[in-house]
Structures are given as C-alpha cells and as structure tokens.
Number of protein chains: 2
Amino acid sequence: MKIVMEPIGIVHHNKESVPRHWSISDVRGSLEIDRNYLEGLRDIHPGDLIVVLFCFHKSAPFSDRLLVQNPPHCNEAKGVFSTCSPRRPNPIGLSVLKVLKMNENIMEVAGLDMLDGTHILDIKPHMVPPDGWDESFSIS
Amino acid sequence: MKIVMEPIGIVHHNKESVPRHWSISDVRGSLEIDRNYLEGLRDIHPGDLIVVLFCFHKSAPFSDRLLVQNPPHCNEAKGVFSTCSPRRPNPIGLSVLKVLKMNENIMEVAGLDMLDGTHILDIKPHMVPPDGWDESFSIS
C-alpha cells in the first residue's frame, strides 16, 4: 500500500549545517507555506510552539543495515525507532519550533534542525501530556 | 512533487469509536509492526512514551472549505494547522502513546485515539522542550 503526500511549504535559512536536533538549536529561518493554505495559518501567533512534520529529502533509501544505528551524540547503538535519525523507513522528520513572527504565509521561526530547502508536510499545535496522564496506565 | 510512503504497521483495538485526542484517551490496544522492522524496536521498553505518526486512512480528500474548521470540543472555528483534525492537507496524525508491553513486533499501548486498522508510518521517541529552551527566542 502506498500513501502519497505533497509538500505544503518549504524551509528557508542561510546555514550550511544545522544542529542534530531542535531541542539544542537556536537557528532561525522561515517556513514558506503555499498561499493556498493561508487561511489555515490564521490562528498561529508569535510565541506559539508548533510541531512541524517534514520530509528528510536528502536521505538515501532505508535498508536493513539502518535498523540499528549509532546516533552521533550517543555511545551506544539504538533501534531506529528510538532515535531521531533522518535515515528511517518513512523519511518523516518532526521538529518543535517557536514562532517568532507571522507575515501572511511566511512564518519566522526558531529551533530549526532541518536543511534549507526541506519540504514541509504538516503543522500541528504542540501539546504535552497532561500531568499524571500516563501514570494511570499500569505496565506489565 | 509527490512523496510516497508505505505503512510500517497497523493499529489493533476492539473499540468502535475512540476519544478525539490521545491526551484524553485511556484506550488500550496494540501496534503490530512489520516483522522486517523488528530490530528497530529493540530499545523501546514498557513505560516509555512514544510518538506515533499514522495515516488518517478514512479521511476524505482535503478541500479549501476545510482550511478553517470547528473542532467538536471548541466553540470557535480554527485554522486547520492549529487543530488536530483528521481532515488536513496531508492526512498525517500524531499521537503520544504509553508502551505497556513489548512482545516481539507487537507493542501493547495505551492512549489510542486512532481507529482500529489505522496504518502506522513512523515511531519516534517522545521528547519535550528542555526547560527555558524557547524563552531565549525573542518574538517580534
């Protein structure tokens, strides 16, 4: 089964390289969203945290030898689903970014960890689990 | 430009309906991941919170009239990118789930808000912004 998606926008910044993860990034840049989606952005405001899903467009196709990887900041190998590696079965990345300014379909943001030219797939509000939410689930 | 993805697994549970969001869900079920990816799961353990990206496979195609929507729990209309609506330009959903048990490629989880039979696209570790991370970014 194939699932086909199309970018809703593109990331712009002027850095040749970016930190490996948004949580350690102070890189600023902009998200240029297709004008067709302008109305969908109307409730995003400066100061908001957003979740951006994007495509790792420079990643080579996944292969079995990438099921366990050595993240660059980590001494031990890890299963791919416990990492944020760009080399994963479906090349979807997730970053939490802070919105600095909205100018129609151009969003100035901080926290970028994706390359200039990255294709954006979705934007969602950032939500954290409510206090105590997961403590009610007993593990076995 | 088209981006093509393939499911890595499927969601199973026995509920006819689910809460509208993981943060208010105590629904339990399982994620059956394709056996080809078994090694990629090796560092996920009971008690972990995971981010699951999935496909809203029952959603009708997006159209302009869905750019602003009325979420069912909310009195005001909102731009789609400020909602978790299943009706969005690319039909990607995001849930935070708690892992209850691992049994090879079958993950028992709680917090489900997706339908039985939903196709899974990716699993990532759950991370929250470090304290003070976003306060260093001045908005304008």
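A general feature of soluble globular proteins is that nonpolar side chains tend to end up buried together. Residues Leu 97 and Leu 121 of chain A together with Leu 97 and Leu 121 of chain B are the most contacted members of the largest nonpolar core, which totals 61 residues. If near-sequence neighbours (up to four positions away) are discounted, Leu 121 of chain B is found in contact with Asn 90 and Ile 92 of chain A together with Met 5, Pro 7, Ile 8, Leu 53, Phe 54, Cys 55 and Ile 92 of chain B.

In this section: the interface of chain A and chain B. Residue-level contacts link 57 residues of chain A with 57 residues of chain B. For the side of chain A that touches chain B, the elements supplying multiple residues, two or more each, are β1 (3-5), β4 (49-55), β6 (78-79), β7 (92-103) and β9 (119-125) of chain A. Its residues assigned to classes, the side of chain A that touches chain B shows 35 nonpolar, nine polar and 13 charged. Two elements, β1 of chain A and strand β1 (residues 3-5) of chain B, share three bridges in a ladder whose sense is antiparallel. Within β1 of chain B, the position partnered with Met 5 of chain A by the bridge is Ile 3 of chain B.

Bringing the sheet that holds β7 of chain A into the picture now. Pairing within the closed barrel is antiparallel, and its six strands lie in the order β2-β3-β8-β7-β4-β9 (chain A). Here the average twist between neighbouring strands, direction ignored, is 45 degrees.

Across a regular strand the side chains alternate sides, sitting on one face of the sheet and then on the other. Residues and elements named next belong to chain A. Burial of strand β2 (residues 9-12) is one-sided: the residues Gly 9 and Val 11 facing one way are buried, the residues Ile 10 and His 12 facing the other way are not. Bridge analysis of β2 against β9 gives two bridges, and the strand direction is antiparallel. From the neighbouring strand, Ile 10 faces β9, where its bridge partner is His 119.

What follows is about the pairing of strand β8 (residues 106-110) of chain B. Residue and element names in this part refer to chain B. Relative to β8, strand β3 (residues 28-33) is paired through five bridges, and the arrangement is antiparallel. Counterpart to Arg 28 in the pairing with β8 is Ala 110. Sheet topology note: the strand β7 (residues 92-103)/β8 ladder contains five bridges and is antiparallel. When the bridges of β8 are listed, Val 99 appears paired with Val 109. Hairpin connection between β7 and β8: a loop of two residues separates the two successive antiparallel strands, and Glu 104 in this loop has a positive phi of roughly 55 degrees.

Looking now at the sheet that holds β8 of chain B. The sheet built from six strands closes into a barrel, its strands ordered β2-β3-β8-β7-β4-β9 (chain B) with antiparallel pairing. With direction set aside, neighbouring strand axes in the sheet form an average angle of 45 degrees.

Take the relation of the copies chain A and chain B next. Each of the two chain copies can be brought onto the other by rotation about an axis and movement along it. Of the two same-sequence chains, chain A is brought onto chain B (RMSD 0.0 Å, axial shift 0.0 Å) by a rotation of 180 degrees. Viewed as a symmetry operation, the transformation between the two copies matches a two-fold axis. Proximity to the rotation axis, assessed at the C-alpha, singles out Val 4 of chain A in chain A; its C-alpha lies 2.3 Å from the axis. In this assembly, 100% of the residues forming the interface of chain A have copies in chain B that are likewise at the interface, indicating an isologous arrangement.

Reading the values: the criteria
- Residues numbered from 1 in each chain as written.
- Chains lettered and ligands numbered in written order.
- Predicted model: local features only at pLDDT ≥ 70, side-chain atom pairs only at ≥ 80, totals over all residues.
- Core = buried A, V, L, I, M, F, W, Y, C linked by C-beta atoms within 7 Å.
- Buried ≥ 20, exposed ≤ 12 C-beta atoms within 10 Å, placed from the backbone.
- Contact = placed C-beta atoms within 7 Å.
- Helix = DSSP H or I, 4+ residues; strand = E, 2+ residues; numbered from the N terminus.
- Nonpolar A, V, L, I, M, F, W, Y, C, P; charged D, E, K, R; others polar.
- Pairing = 2+ DSSP bridges.
- Axes fitted to C-alpha atoms, helices over the stretch in contact; angles between N-to-C directions.
- Least-squares fit on C-alpha atoms with pLDDT ≥ 70 in both.

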